[in-house]
Structure formats: structure tokens, C-alpha cells
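# Coordinates in review
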Amino acid sequence: MAWPIAELEATAAICSVAPAAATTETMVHPGLPIAWAAVAMLMMIGLSLPVLRGSPGNASRSDGDHMLSLTALPMIGPALHEALRRPWLLLTLRILTAALFLLLIAAGLFGSPIPERNLATVLTWTFWWTGIVIAVLLLGSAWCAICPWDALAAWLVRRRLWRRGAPHTSLNLRYPSWLRNQWPALSMLAGLTWLELGVGVTTSPYATALLGLAMVVMATTSMALFERKGFCQYVCPIGRTLGAYSTTVPVAVRPIDPLVCADCKTLECYHGTDQIEPCPTHLVIGRTDVNQFCTSCGACVQSCPSHNVSWGVRPVANEAMHHTRGHWDGAWFMVGLVALTSFHGLTMLPEWEQWMRHSARWIGDSGQLLWTFSLGMALSLVLIAGTFVVTIRLTQRLGPRQADFKPLFNNLALAVLPLAFAYHIAHNLSHMLRESHGTWAVFVNPFGRGTLPLSTTERHALMTLPIPEQLLFTLQAGLIVLGLGLAVRILGARARKIGLDRGVSRVPTTTFLLGVSGMNLWLLTQPMIMRM
Amino acid sequence: MTIPRLLMLTLLLIMVPTAQAHHVLGRPAYSLNEDSNTPPAMQIETQVGAYFVTFMAYPAFPKPGEPGRVNFYASRIDSGVSFSGPVTFTVRDDGLLIDSAPETLGQQMPDDGVYRQNYQFHQAGDYLVRAQFESDGEPYTVDFPLRIGDPAPIGPIGLAVALVALLLLSVNLSQRKRLARLKTQRHNAGRA
Ligand code: SF4
Ligand code: SF4
């Protein structure tokens, strides 16, 4: 006789719940006060006026002329450079992050499903996801140097801890030409946003661990089949996002003396040495000002026989203003970034919820309303990206005669990048500061064994800000203003490059930049749901 | 557009009333009622057709062999009026690659607006509890996931390890063959 799956119990009720109590309270963070937003908006309008008057952007300049190398730092500079020239420092950091990553996967798969009690969700979504974007501001693409799934993939495929792997451990195929662009990374980023906001992986330690495992499998597959690190260059949504943002920040891996690189015949940075891997993303770092695809892996720092490569500080946004090559796929990645970051905020509005409910009823959706969410996401992205397309069409009309659409689009898309970056940080800053209080307990009990869900009192305590609220508001409003300021500078430089000299031809893009910044600012004024 | 008009527009834009708290539909949430000694509960809220429904599972982490209960509550989205007809609860195994027939747990009438259905599962696993009712001649079906016992983590890890091992093995074999072929070619070329 087959066992029934379940049987009814004539037990007394374990507890009783009145319908009124059958509604969970969702905790929200207060938004930026209106007065702050108004002041920030005024400042942004003031910042954008010079570009509307057709002021010329800065003339193109090479990073090398204005570079401050790490080696020039008094006392610690040379010591740090020496430490980075040897593999041990980065290797130790890679081992540490990989160990933490494996612990996170174990916690997600075997630990408590309560998101705020499990290391997988707290570390991934409260600290890492928030922290890496902030880290770009200070350290460029440094995350990639210690990326755990890339490290695990390299160890598995190359079977070496740090030395150059034997060539036969990978098939070393060239990436298919149709994949050698930013479309795979953009699709992955949209997919990740869908998983985060639609499916809700942020509230599931199990799903978070599966996502981590999927990254390892994808990175390993790519490394085993293709040469160098095509996954980092074309597919990884994290790497490409950090790469795009890092074109606006000052910290980067650069040559110390560009003339030494100009005379170099052997190009160890590109080809590697017997011991050191070649540049994973095909860069000759000494002869380019474009760091967008640099993963800060440090291979060139270690392989250069003249010890001429180091981390350094360059002029802010110089790369985005003058050097980033405007490619069609890359430009769409940037427009996608701005659309996706603003969409993040959009999903936290009550109007979004109402729209979801009405639309779900209309199309007969139920459960997690995933069809409705997907439809809403697609519409929102199309709306924001479509507005940018219209902006470029208008620019085409107002600009010099017979200006092609693509060069305009490719160049002006770079101007939207700081808006995405600024809103990304401002939004995440609030999550990190407001939700990290007390979550350190997960590092003591990563699996959350024997823990209970947060009580209302604990939730309120969790939302205690470690800094004065006014300081947070200043930072958020300041970031949005700074983002617009950088965007306008990039617009000026790019407009000059493509011959948009008349102020009127810059009006559509300036209006778009102000519109998106205004929308992002308004989104920040709205109360925000706690991530977990 | 003049600057004062732009400013007016901006101020209008940012003076929209602020948002209220809202819920994430369809996602399990764990809650603790501090005012009573009840164990933590797992709760899912969603909507289906004309109804907004809430499902609560007690305890939040049910174990095989232990009694548990689901509470179900449905109210009309337009008027807020609670549903009061009979609701039938069924359950089926929702594990990966398992296609089991649903079993009836019972049919319940509301008690103070809430439908309560007790259960006791014998085996750990992923289950799907289904609540079915009829309103205005329309049949309604609402599914809720229910996990009994601990998840089976070996599945995803095993899958990931198997995939990676298979891939690395195939690459290794293919490269060895290629190297052996090259060696033979060089050897033959040397003799010729
Ligand atoms: S690009 Fe992605 S996979 Fe590569 S190192 Fe950076 S985060 Fe890791
Ligand atoms: S080798 Fe140098 S240029 Fe290439 S990714 Fe690594 S750090 Fe960047």
C-alpha cells in the first residue's frame, strides 16, 4: 500500500491567527527630504548651464601626462608596489575571498532559510552587492582582482595556484565573433535584475547560493573552452558594470613612464612570461588609455621586466571623456545600466505595486506575478532607453547637417554613465548603512543555526543608522549632483569630439541628463523597502 | 524652456506624496509574533483573479512526522469582503523530476474568516499545497510551496561538480589527443 504524502491530524490548533494579523509589516526606510532634493535639483540646473551655452569641453589629454603613480607615494608607495609585483599579496586575498565564497555557498544550501540570519544573503546582498559599487569609486575594478568565481575557475582549469597554466588545460578557442561584444553582459545584467527584483533571490539564501554556483560553472566553462578570460571581457555582468563605472574614477592600473612602454618590443604585459599569465582581456596596458576591460588582475604589474606598471591616480572621468571607444554594443550597455538602475528605484514606488496588481488581474497572472513583473520591466527599460533614442534623434536634427545617428549615440551614451553610477551608490548606501547594523552576527553563526526570524523590535534596531541621518542625506544628494556634474563634463568633451559645438545641439542630451537625475533624486525621496 | 518654468516643474515633480509601505507579492516571508508564544510562521501573500489571498504555514520550518497547519485567507480585491464558501486543500510532491498525483488534505469552512487545514507529512521534501474554491461560477486555484525538513543541497552541488568534472575531463582528453596527433605528425615529418 502506498503511503499517503500527508495525513490529517485531529490535533488542536497550534495557534490561531485573526485575518487582520495575516498581513506582514514591510519595513521601509525614510527617503530624502524634499528640501534636500530641491536644493540638489537647483545645483544640477546650475551645473548644466555652461554646457548649454556651448562651452567647449576639455581638450583631449593622455592619462600619462597627469598620472600619479602609487610608487610616488611617500614611504608606503614603493613597498606596496613591491608587494603587488609579487604574487603573494593578491594570491592571499584571492584565497581568502574564495574561502568566504565557499562558506557562503555552504550556508545558503545547508543553512537557515531566514534571509537576515544567513551569511549567504547578508554577505551577498547587504555587504557585497552594495559594497563593490562603492569600492569602484575608491579602487576602480579592484574587485575583479580578487573575484572568487574567477579564482576558482582558474584553479580548476589551469591547476596552478598562481603560475601560468599549461596551454593544454584549455581548448583555447577564440570567442565566437558574434559573442565578442557587450550584448551578453547586458543580457546577463538584465537577467540578474530580473532575478533580484522579480524572483527575489535577495530573500532566499538557497537561491543566492545557486547563483554563486552558476557563476563558478559559467566562468569555468568559459575558461576551459576559450582563450584568456572571455567570460570577464564579454559575459560577466559584474565585471562589465564595474569596468564601465571605472572609466569615470581616478584609480587604475597604468604604466609609470609611458615612454618606456612606447619603446618596449617584447610586450610581456600582453603575451605574459613563462611564469605569469598574459593579460586576460588582451590589453597592452602601456599603449592604451582605455582601462574599461582591465580586471586589475595584476598580471602586467608582475610580468613587466622594467617594473613599469603600477596602480595610480589619473584625472577623474578622463577615460570616459576622451578615450573610451564609442561602440554600438558598449553604448547600449551604458544606456542599459542607467535604465536598470533607475528601474530598481521604480519598483519601490506604490504606483508600481498598484500597476502590478491591476495588470496581473488584467492578464490573469497570479502567484509571484512574474509575467506581470517581466512585462513591467520590459516596458520600463524600453521607455527609458527609447527616451534616449529620441534624445539622439533630436540632437541629430539640431546638430551639424548629416550627422549619423550611431556616432552620436555611441559618444553621448557615455554621458549617462555617471548618472547610473551615482544613483547606484546613493541607493545602495542607504541599504548598506541602514541594514547592516547587527547583521555581523551572521559571521559568528553563518548558517543561522537555531535562529528565529527578526522580531519587530529587532527590525527596528536593525534599521539604526551608524551615521547621522543628515549625513546620509547629504551624501545621497551630493552623489546625484556629482553624477550630473560629471555627466555634463563628459557631454561637453564628447560633444566637442563629434562636432556638436552649438549650445542648442546639446539641449536634448542635457535635458535627458537632468530628467534622469531629477527622476533618480525623486526616487531617493521615496521610502524604500528593506532588502530582506 | 525657461529656468523658472523648469524649476516649477521640478518642484512639482518632487512634491508628489511619499509612498507607503507595500508588500512583495508571492514571496515567502518569515515572521515572529512577539506577543504570543507561537512558533515563527512562513507567510505568502498574492492575488488571483478577483481575490487577494494570504497563506500562512505553522511552524515556519515543519519537520517530517510533526503536526503542522496552513491558514488560508481570501478577500475580494475590490471590496475587501472575505470569501466564505468552502475551500478544498490538496497536496502533491513537487520535487525535481517527480510527477506525483495530488492527494486531498480536506475541505474547510472559514472560522472567523480564516480556513485552517492541519497536516502531518511523513517524508522531507518539497510539496505544493493547493487551495481550490469557486466564486461567481469561476474556479480558483492557488498554489503555495511548502518545504518539509531540510532541503537536499547535494542536488545543486552534485550537479555543479558533475558538470565541471565532465567539462574538464573532455577538454583534457581532447587536448591530449591533439597533442598526440601533433607528436605523430612531427615524428613522421622528421623521418621523411
Ligand atoms: S569580470 Fe566577472 S568573473 Fe571576471 S574577475 Fe570580474 S567579477 Fe570576476
Ligand atoms: S594584465 Fe594588467 S591590463 Fe590586463 S587585466 Fe590584468 S591588470 Fe589589467
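Residues numbered from 1 in each chain as written. Chains lettered and ligands numbered in written order. Predicted model: local features only at pLDDT ≥ 70, side-chain atom pairs only at ≥ 80, totals over all residues. Heavy atoms only, no water.

## Notes on the overall build of chain B
Cut-off, in case you're wondering: Here a strand is any run of E in DSSP of at least two residues, a helix any run of H or I of at least four, and the numbering for each starts at the N terminus. Remark: exposure states derive from per-residue accessible area (1.4 Å probe, protein chains only) relative to the maximum for the residue type, with buried under 20%, exposed over 50%, and partly exposed in between. The contact definition used throughout considers only heavy atoms, calling two residues in contact when any of these lie within 4.5 Å. What sets the accessible areas is the Shrake-Rupley method with a 1.4 Å probe; for residues, cover comes only from the shown protein chains.
Assigned secondary structure in chain B consists of two helices and nine strands. Element order for chain B, N to C, with α for helix and β for strand: α-β-β-β-β-β-β-β-β-β-α. Across the 192 residues in chain B, those meeting the buried criterion constitute 41%. Once local pairs closer than 6 in sequence are excluded, the contacts in chain B between residues at least 24 apart make up 48%. When the accessible surface of chain B is totalled, it reaches about 10,600 Å², and 58% of it is carbon and sulfur.

## Overview of the pattern of salt bridges
Residue and element names in this part refer to chain A. The following threshold applies: Salt bridges are identified by distance alone: a Lys or Arg side-chain nitrogen within 4 Å of an Asp or Glu carboxyl oxygen.
One pass over the structure, following the stated rule, counts 14 salt bridges over all chains. A salt bridge links Arg357 to Glu353; the nearest nitrogen and oxygen atoms lie 3.1 Å apart. Note that Arg357 and Glu353 are positioned in helix H16 (residues 350–363) at a spacing of four residues, about one turn of the helix. Residue classification places Arg357 among the partly exposed positions, given a relative accessible area of 23%.

## Quick notes on the nonpolar core
Our working rule: Take the buried residues of types Ala, Val, Leu, Ile, Met, Phe, Trp, Tyr and Cys, join any two whose side-chain atoms come within 4.5 Å, and each joined set is a nonpolar core.
Grouped together as the largest cluster of nonpolar side chains are 139 residues, with contacts concentrated most on Trp143, Trp149, Ile238, Phe388 and Leu513 of chain A. For this core, the leading source of residues is helix H18 (residues 405–435) of chain A, giving 18 residues. Excluding its chain neighbours within four sequence positions, the residues that come into contact with Ile238 of chain A are Trp128, Trp129, Ile132, Trp143, Trp149, Leu192 and Met215 of chain A. Formed by 31 residues, the second largest nonpolar core is a distinct cluster that contains Ala57, Phe83, Val91 and Tyr119 of chain B.

## Details of the sheet that holds strand S5 (residues 309–313) of chain A
Residue and element names in this part refer to chain A. Inclusion rule: The criterion for strand pairing is that DSSP finds at least two bridges linking the strands in question.
Ordered in space as S3-S5-S4, the three strands form an open sheet in which the pairing is antiparallel. Edge positions in the sheet fall to strand S3 (68–69) and strand S4 (251–255), since each has one partner strand and no second. As paired strands, S3 and S5 are joined by two bridges and run antiparallel to one another. When the bridges of S5 are listed, Leu68 appears paired with Val313.

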